[in-house]
Amino acid sequence: MTTTADDSRRARREAAVQHHAAKSDRAKAEARLGWLLAGPAFVIMLAVTAYPIGQAVFDSLFSFRLTAPDERHFVFLSNYATIFTDGVFWRALLVTVLITVVTVAVELVLGFALALVMHRALKRLRGMLRTAILVPYGIITVVSAFAWYYMFDINSGFVNSWFGFVPGIGGDLDWFANFGTAITVIMASEIWKTTPFIALLLLAGLAQVPDELLEAARVDGATWWQQMSRVTIPNMKAAIMVAVLFRALDAFRIFDNVFIMTGGDAGTEVLSLLAYRTSIGRLEIGLGSAISVVLFLCVLLICFVAIKFFKVDLASGTDAGGKGGKK
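Residues numbered from 1 in each chain as written. Predicted model: local features only at pLDDT ≥ 70, side-chain atom pairs only at ≥ 80, totals over all residues. Heavy atoms only, no water.

## A closer look at a nonpolar patch on the surface
A contiguous nonpolar patch, built from Ile53, Val57, Phe296, Leu297 and Leu300 and spanning about 380 Å² of accessible area, is present on the exposed surface. Those elements giving two or more residues to the nonpolar patch turn out to be α1 (2-59) and α13 (285-310). Of all the elements, α13 adds the most residues to the nonpolar patch, at three residues. (Patch = residues over 30% accessible without salt bridge, like charges linked within 9 Å, V, L, I, M, F, W, Y side chains within 5 Å. Areas by Shrake-Rupley, 256 points an atom, 1.4 Å probe, with all protein chains shown as cover. Salt bridge = Lys/Arg side-chain N within 4 Å of Asp/Glu carboxyl O. Helix = DSSP H or I, 4+ residues; strand = E, 2+ residues; numbered from the N terminus.)

See below:
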């Protein structure tokens, strides 16, 4: 009897080992297939992005102006010391961080609301509703920036005349003359343009939330807020991280809106515009490359902070801690 039980346990262990080995071999085969399919594109993208980054790092170590190409001198980290001791750089950095934090926070709230509307809309209205919501994101950024500029411009804009009844808005209000109003218009245009992008990503996350969990929460008497905070949001954490990360990276590199609306005047200069002015306007390639490298490092820092903060395993779409994910 004992021998029979031992044989049964041994057989189960051997079956489990064989199953695990087969699963491991299948996972390795799928990984190899994935690299074969994505490998060429990965190599091309790496080559396309690595060369400009490497060239920028190399140029940042030299004192180099296009007007004097023969007077190129190796200065090591002198360009970085110059920008880090310049108040213009720190102000541009603070303005960039302000735009990034405010726009991403507002877009996340509005995008989640729009995603809920699109997710719960009637089937016959979903197509038309999603198309209407996504129209702003389909407009080219430069075109959108010009539209917002002409809306608020004191000479050609209609905002002052249409909303003159609102306290603080009058016919003589120049929106782009001071920092407060100028940065408000810039952020509003950015929010209007890119909120549909976050809504689209969050809509994909909402579609991954199991209906059984929501039904169980309703049966248990959970309120709407409890369903959102304890069921919906935790199960779409990966989608939220991707949306926040992508939009934060895009917002931190903002250029078009500021360049078109103010050109950096009224204290609205951002890092991308500062790098452009230094490299293209003043032709100081070494100093401009140093600013670009710092901008790139800030983008890497944003990625690191976002991944550490959300602690999401994108391979399984769950918390990195393993709750609800792979064991």
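## So, helix α3 (residues 87-120)
The end-to-end C-alpha separation of α3 is 49 Å, in line with the 50 Å expected for 34 residues at 1.5 Å each. Two or three places before valine 88, at the start of α3, stands the capping residue aspartate 86, its side-chain oxygen 3.0 Å from that residue's backbone nitrogen. (Expected span 1.5 Å × (residues − 1). Polar contact = N/O pair within 3.5 Å; in protein donor to acceptor, adjacent residues only side chain to side chain.)

## Examining the side chain of aspartate 59
Here aspartate 59 shows up in helix α1. Given a relative accessible area of 9%, aspartate 59 falls into the buried group. (Buried < 20%, exposed > 50% of the residue type's maximum accessible area, 1.4 Å probe, protein only.)

## Observations regarding the UniProt feature "transmembrane region" (unreviewed entry) in the protein
Taking the numbering used here, the UniProt-annotated feature "transmembrane region" (unreviewed entry) corresponds to residues 33-53, 88-117, 129-151, 175-192 and 285-307. Helix makes up 100% of residues 33-53 and strand makes up 0%, while its end C-alpha atoms are separated by 30 Å. (UniProt positions renumbered as here; feature names shortened; annotations may be inferred.)

## A closer look at the pattern of salt bridges
Overall, the coordinates contain ten salt bridges when judged by the stated rule. Ionic pairing is found between aspartate 59 and arginine 72, a salt bridge with its closest N-O pair at 2.9 Å. Taken as a pair, aspartate 59 in helix α1 and arginine 72 in strand β2 (residues 68-74) lie far apart in primary sequence, 13 residues in all. Look at the salt bridges and you will find they share partners, linking Glu107, Glu190, Arg247, Asp250 and Arg253 into a network.

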